[in-house]
Each structure stands twice: as C-alpha cells, then as structure tokens.
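Tertiary structure, described
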Amino acid sequence: MKIYGNKQVVKRLSDYAKNNCLPHALLFFGDAGTGKRTLADYTSMLYFCLEKGGAPCMSCENCKRVEKHIHPDVVYASCADLNAEELREGILPTTFEKAVEGGIKVYIFSEFQLLNNVCQNILLTYLEEPSPTVRFILTASNRNGILPTILSRTAAIQTFKLSEEECEKALSDYGVKNAGEAAKTYGGNLGLALNAAKDKNAAVYIELTRELCGYIVEKNEYKAINLLLHLPQPKDDKRGPLKILVNETEKIFHDAFVIAMDGKPSLSCCPELSAKAAKIFPALALNLIAEETVKFSKSVTENNFNSKITANAFVSAIFNAMEN
Ligand SMILES: [Zn+2]
C-alpha cells in the first residue's frame, strides 16, 4: 500500500502516533476518490503495526492483514446499508467483547454521511463514553449529513485530491494507460480516475453529471429531467447511476457555494461549472441546492427507491431551491 498526496494528513497522523495520542474517534471527510478508505487502513496500521513508530512499516504481519482487510480486530461497516437494529444489536455490542488478539478493536464506518439520525444517535453514546480498547474511524464524503454532537466528539481530518502531476504519477504506478490524460480529465482525483479506468460506466456517468449541471445552470428544467429519466440503467444496479449523478451534482454546487463565499473549492470534478454557477446564483440558493442534493443522496439508498419518482423529485427540489 502506498499513500499518494494528502501529506498534511499523513503528517498529522504520524504526529499523533509518535506522541501516543491517536484520537479514539477520527473522521476522514472529503470527496470520493481522495483517499479516505486508504487513510482509514493506514490509521488501522498505526494502531496495530508491530514496529512502533510514527509510520506503519506496511510489511509486518499486522500491517499486511490490515491491508487485506483480514485483521480479526478491525470491523468494517458501510453506512449505505446499515440499519438501527443491525447497529444496536449486531455491531455495537461487540465493542464490549475482548479483542480477538487481546489488544484494541477498530471500527471503520464508511459513507458515514448516509447514516440516518436515529443510527447516529445510537452510535453517539459509544463515542461519548468510549471503551479504552475501542477506536472508531468514520469516513464521509462531506460533513453536512453528520450530527454536530458526533462532529464534536471526533477529530475531523479533511482529505484532498492530488495535484495533476501527483495523480499522473500514481496512475502510472497503477499501470493505467494515458495516465496524463486521465489525471487531467479527473482534475487530480485519483479514486475517480482509477474507477473510470476500471469501469467505463463511471466515466459515462461523470460526463452525464456535467451535462445535467450544465442544464441546471442554464435553468433548463425540461432538459434536466429528460436527462435523468433516460439514464442508461445497468440491469443489476438500478440506483447506482442516479446515486453517482446526485453525489457529483452535490459537489459541483457545494463548490459553487464555497466560491460564492470567496473560499477555495475542492470537491467537484468540474470546477468550471462550479465557477459559472457561483456567478449566476446567489450564495443562499447555492447552499439550498447543495442541501437538497445531500437529502437526495440519502433517499437514493432507501429501500422504497423508485428511480423515476426520485429523479422527478430531485429536479423539482433543485429548481425550487434555485428561486431563493
Ligand atoms: Zn507494520
């Protein structure tokens, strides 16, 4: 395993480790593809590496097991499909059990922004009174869906995409053809570029997101809804395409809001569109549009999901928010 970019993050983790003060709960937040899961693994290695120091050796037995996700004391939970019962009765009671190897246990909750408030409150109790042998690592694409009470009990660390040069180097290391072009297309987002190299569909949906957001910026509701109602749908994954479009749209408008507030955008795969939206819409409307998309990224994962109804509701929520 190799960490590309995110040098400040690695330094901060290494300082914690050297001073023996790794927080009991960490939150990595940042755009999909910016290395949150890799950093969660890296942190787990810091907890378990047999060679103590500021950085995991990545070659001892424990580091290797963490990398392969087979260490018996690391528990993984994806919040995209986690319900209250499973959390309350399945996962959290195990925090009271002794670690298999007698040391600490690490719980990694990914896509934490998708966890509903009921579940977040259940977990909160465990964050408030942490067991001395339990560590929590949360990863989230943004902090918007996370309760303030959770945020106040975690050390939050933002992850960033790479520079295009760093990304190109990483892509060549991974054996991706046309690494330079891919790094440029995905603006230095290594995860997105790697996914696109593996999965041609992902690249198609990122392109469709740009088209969709173009229609939103042009205030053409008809074309926006038409595009969503005619998304290419893989047979085995009805909600996947809309999920990508909703998530990417959120990033584009989140960045537009950041630009409108004179901040530095960091998330979206299309900075030009964010800049254009920031010129056209007032900050309040941009913030509301971004908030609507966060709500929809949750509803895309709900059980009673219907792609046509969700697509219609999504576009009308965005165009209503635009009126502000
Ligand atoms: Zn090690």
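Residues numbered from 1 in each chain as written. Predicted model: local features only at pLDDT ≥ 70, side-chain atom pairs only at ≥ 80, totals over all residues.

Digging into the overall build of the chain
Heads up, the rule is: Starting at the N terminus, helices and strands are each numbered in turn, a helix being any DSSP run of H or I of at least four residues and a strand any DSSP run of E of at least two. Put simply, the radius of gyration uses C-alpha atoms, and a globule should come to 2.2 Å times the residue count raised to 0.38. Counting other C-beta atoms within 10 Å of its own, a residue is labelled buried from 20 upward, exposed at 12 or fewer, and partly exposed in the gap between, with every C-beta atom placed from the backbone.
Assigned secondary structure in the chain consists of 15 helices and five strands. Against the compact-globule benchmark of 20 Å for 324 residues, the chain has a radius of gyration of 20 Å, which places it among compact chains. Once the C-alpha set of the chain is aligned to its principal axes, its extents read approximately 60 × 45 × 40 Å. Buried positions account for 44% of the 324 residues belonging to the chain.

A few points about the nonpolar core
Stated formally: One nonpolar core equals one set of buried Ala, Val, Leu, Ile, Met, Phe, Trp, Tyr and Cys residues connected by C-beta atoms within 7 Å. Throughout the structure description, domain borders are defined by an automatic or database domain assignment. Contact criterion: two residues are in contact if their C-beta atoms, reconstructed from the backbone, are within 7 Å.
Of all hydrophobic cores here, the largest spans 50 residues; its most connected members are Ala193, Phe253, Ala256, Ala277, Leu286 and Ile289. Looking at this core element by element, the count peaks at eleven residues for helix H12 (residues 240-260). Of the domains in this structure, domain 2 (161-195) and domain 3 (199-322) are the two that each give at least three residues to this core. If we skip the residues at most four places from it in the chain, Leu286 touches Phe253, Ala256, Phe257, Ala260, Ala277, Ala278 and Phe281. Listed in part, the 40 residues of the second largest apolar core include Val9, Leu13, Ala17 and Met45.

Focus on the sheet that holds strand S4 (residues 134-140)
For clarity, the threshold we go by: By the convention used here, strands pair only if DSSP detects at least 2 bridges between them. Simply put, an axis is a line fit to the C-alpha atoms, just over the touching stretch for a helix, and the angle between two N-to-C directions goes from 0 to 180 degrees.
An order of S2-S3-S4-S1-S5 is seen for the five strands of this open sheet, with the pairing classed as parallel. Every other strand in the sheet has two partners, leaving strand S2 (74-78) and strand S5 (155-158) as the edge strands with one partner each. Recorded for the sheet is a direction-independent mean angle of 15° between the axes of neighbouring strands.

Details of the packing of helix H10 (residues 200-217) against helix H11 (residues 221-229)
Condition: Orientation is classified from the angle alone, with under 35 degrees giving roughly parallel, over 145 giving roughly antiparallel, 65 to 115 giving roughly perpendicular, and any other angle giving oblique. By definition, turning the near helix anticlockwise from the far helix through less than a right angle yields a left-handed crossing, and turning it clockwise yields a right-handed one.
H11 packs onto H10 with a crossing angle of 155° between their chain directions and a minimal axis gap of 8 Å. Taken together, H10 and H11 sit at an angle that is classed as roughly antiparallel. Crossing of H10 over H11 shows left-handed handedness. Taking contact as the criterion, the partners of Leu208, Glu211, Leu212, Tyr215 and Ile216 in H10 are, on H11, Lys223, Ala224, Leu227 and Leu228.

Considering the pairing of strand S1 (residues 25-29)
For S1, the tally of buried residues reaches five of five residues, placing the bulk of the element in the interior. Side-chain alternation along S1 places Ala25, Leu27 and Phe29 on one buried face and Leu26 and Phe28 on a second face that is also buried. Looking at chain direction, S1 and S4 are connected through five bridges and run parallel. Within the sheet, the bridge partner assigned to Phe28 lies in S4 and is Thr139.

Overview of the domain arrangement of the chain
Which entries qualify depends on this criterion: Under the scheme applied here, ten amino acids are nonpolar (Ala, Val, Leu, Ile, Met, Phe, Trp, Tyr, Cys and Pro), four are charged (Asp, Glu, Lys and Arg), and all others, including Gly, are polar.
Under the domain assignment used here, the chain contains domain 1 (7-158), domain 2 (161-195) and domain 3 (199-322). A separation of 27 Å is found between the C-alpha centroids of domain 1 and domain 2. Between domain 1 and domain 2, the contact holds five residues from the first and five residues from the second. Across the side of domain 1 that touches domain 2, the residue classes tally to one nonpolar, three polar and one charged.

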